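Structural overview for review
Each chain, written out:
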Amino acid sequence: MSRIGKLPISIPQGVTVEIKDNVVYVNGPKGSLSQAYSKNVDVTIEDGKVLVSRKDDTTDSNAKQGLYRQLINNMVIGVKDGFKKSLTVHGVGYKLNKQGNKLVMNLGLSHPVEIVEADGVTLEAVNNDTIIVHGASKERVGAMAAKIKALRPVEPYHGYGIYYSDETIILKPGKSAGKKK
C-alpha cells in the first residue's frame, strides 16, 4: 500500500493544474510542465488538491500511484519555487566563465569545455569555483548537474574535480615516504 501515493497535493496560489487525455499540465510563475501518466492510476482535482488513486490493487498500480503522485508534486513545487543544484569546482587553474547562454570551463584539459543551457535550465557561475543550476523541472536540473559533474570526476588523492556542494569527498591517504618497519 503506497503511503506517499495517498497524500493529496495542495495547489498553491498562482499555480494552475489541468488534466487532459492522461496528461497533467502544471503552469506557474517559473514556467509550465507536463507529465503523462499510466492508465493504472486516476488523477483528479478536488477542492484545490490533486489526488492520485489506483484503479486496482496490483503491485504495479501501487508503485505507479506513488511515482506519479511524487512527479506531480515535484512539478507543482518546480513551477512555484523552482529547483537548484550547486556544484563546486576544485583544482589548480580551474576557471569558470559565463558567456551568453554558455558556460565555458577550463578544467585542466587541453581545451576549454563549453556547456550550453538546455530548455528550462539556467547556469550561473559564482566566485569562479561554484556552478548553480536553476530550473523548474527537477529532472532537467538533476540531469544537467550530473552532465557537468561527469566532465571532471573527483580525483581521489587531492580532491580535484567537480562535485556537488553538499557532497562529502573522502580522500585516500598518500604513500608514506621512507616509512621504517
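Before going into details, it helps to say that this report is about the structure given with it. Since the structure is predicted, the reported quantities are computational estimates derived from the model, not experimental observations.

**Notes on the pairing of strand E8 (residues 95-99)**
- Judged from the five bridges that link them, E8 and strand E9 (residues 102-106) form a sheet pairing that is antiparallel. Bridge pairing links Lys95 to Asn106 in E9.
- Where E8 folds back on E9, the antiparallel hairpin that results is connected by two residues, among which Gly100 adopts a positive phi of roughly 65 degrees.

**What about the nonpolar core?**
- Counting residues in each nonpolar core, the largest one holds 20 residues, and the members touching the most others are Leu87, Met105, Ile131, Val133 and Ile148.
- Of all the secondary-structure elements, those providing two or more residues to this core are strand E7 (83-90), E9, strand E10 (113-116), strand E11 (121-126), strand E12 (130-135), helix H3 (138-149) and strand E13 (161-164).
- With four residues, H3 is the largest single contributor of residues to this core.
- Other than its neighbours up to four places away in sequence, Leu87 contacts Asp129, Thr130, Ile131, Val133, Ala145, Ile148, Lys149, Ile162, Tyr163, Tyr164 and Ser165.
- Counting residues in hydrophobic clusters, the runner-up holds 17 residues, among them Ile9, Val24, Val43 and Val50.

**Quick look at the pattern of salt bridges**
- Under the defined criterion, the tally for this structure stands at eight salt bridges.
- In this structure, Glu167 engages Lys149 in a salt bridge whose closest nitrogen and oxygen atoms are separated by 3.7 Å. Here Lys149 lies in helix H3 and Glu167 lies in the segment after E13, a separation of 18 residues in the sequence.
- Residue Lys149 is classed as partly exposed on the basis of its relative accessible area of 23%.

**Concerning the environment of Lys98**
- By the secondary structure assignment, Lys98 is in strand E8.
- Along the sequence, Lys98 and Leu7 sit 91 residues apart, while their C-alpha atoms lie 41 Å from each other.
- Beyond its immediate sequence surroundings of up to four residues, Lys98 is in contact with Leu103, Glu117 and Leu123.
- One polar contact links Lys98 to Glu117, side chain to side chain, over a distance of 2.6 Å.
- In terms of polar contacts, Lys98 uses its side chain to reach the backbone carbonyl oxygen of Leu123, at 2.7 Å.

**A word on the sheet that holds E8**
- Ordered in space as E8-E9-E10, the three strands form an open sheet in which the pairing is antiparallel. Strands at the two margins of the open sheet, each flanked by one partner only, are E8 and E10. Strand-to-strand twist across the sheet, computed as the mean angle between neighbouring axes with direction ignored, equals 20 degrees.
- Of the pairings in the sheet, the one linking E9 to E10 comprises four bridges and is antiparallel in character. What sits directly across from Leu103, in E10, is Ile115.

**Structural notes on the sheet that holds strand E6 (residues 49-54)**
- Strand order across the open sheet formed by three strands is E1-E6-E5, with antiparallel pairing between neighbours. Each of the sheet's edge strands pairs with one partner strand only, and the pair in question is strand E1 (9-10) and strand E5 (41-46).
- Running over the sheet, helix H2 (residues 59-80) touches E1, E5 and E6 and is turned about 165 degrees from E6.

Rules used throughout
- Position numbers for residues start from 1 in each chain and track the written sequence from start to end.
- Under the rules for a predicted model, residues below a pLDDT of 70 receive no local features and side-chain atom pairs below 80 are neither given nor counted, while totals for whole chains, interfaces and linings still include all residues.
- Only heavy atoms go into the side-chain values, all of them from the structure, while hydrogens and water stay out.
- By definition, two strands form a pair when at least two bridges between them are found by DSSP.
- The way it works is that DSSP assigns letters per residue, a run of H or I at least four long becomes a helix, a run of E at least two long becomes a strand, and they are numbered from the N terminus.
- For the purposes of this section, nonpolar cores are sets of buried Ala, Val, Leu, Ile, Met, Phe, Trp, Tyr and Cys residues that join through side-chain atoms within 4.5 Å.
- Only protein chains enter the accessibility calculation, which uses a 1.4 Å probe; a residue whose area is less than 20% of its type maximum is buried, one above 50% is exposed, and one in between is partly exposed.
- Whether two residues are in contact is decided by their heavy atoms, any of which lying within 4.5 Å being enough.
- Salt-bridge detection follows one rule: a side-chain nitrogen of Lys or Arg within 4 Å of a carboxyl oxygen of Asp or Glu.
- Side-chain atoms alone can form a polar contact between residues adjacent in sequence; in general such a contact is a pair of N or O atoms within 3.5 Å, and within protein one must be able to donate a hydrogen while the other accepts it.
- Helix axes are fitted only over the stretch in contact, all axes being lines through C-alpha atoms; the angle between N-to-C directions runs from 0 to 180 degrees.

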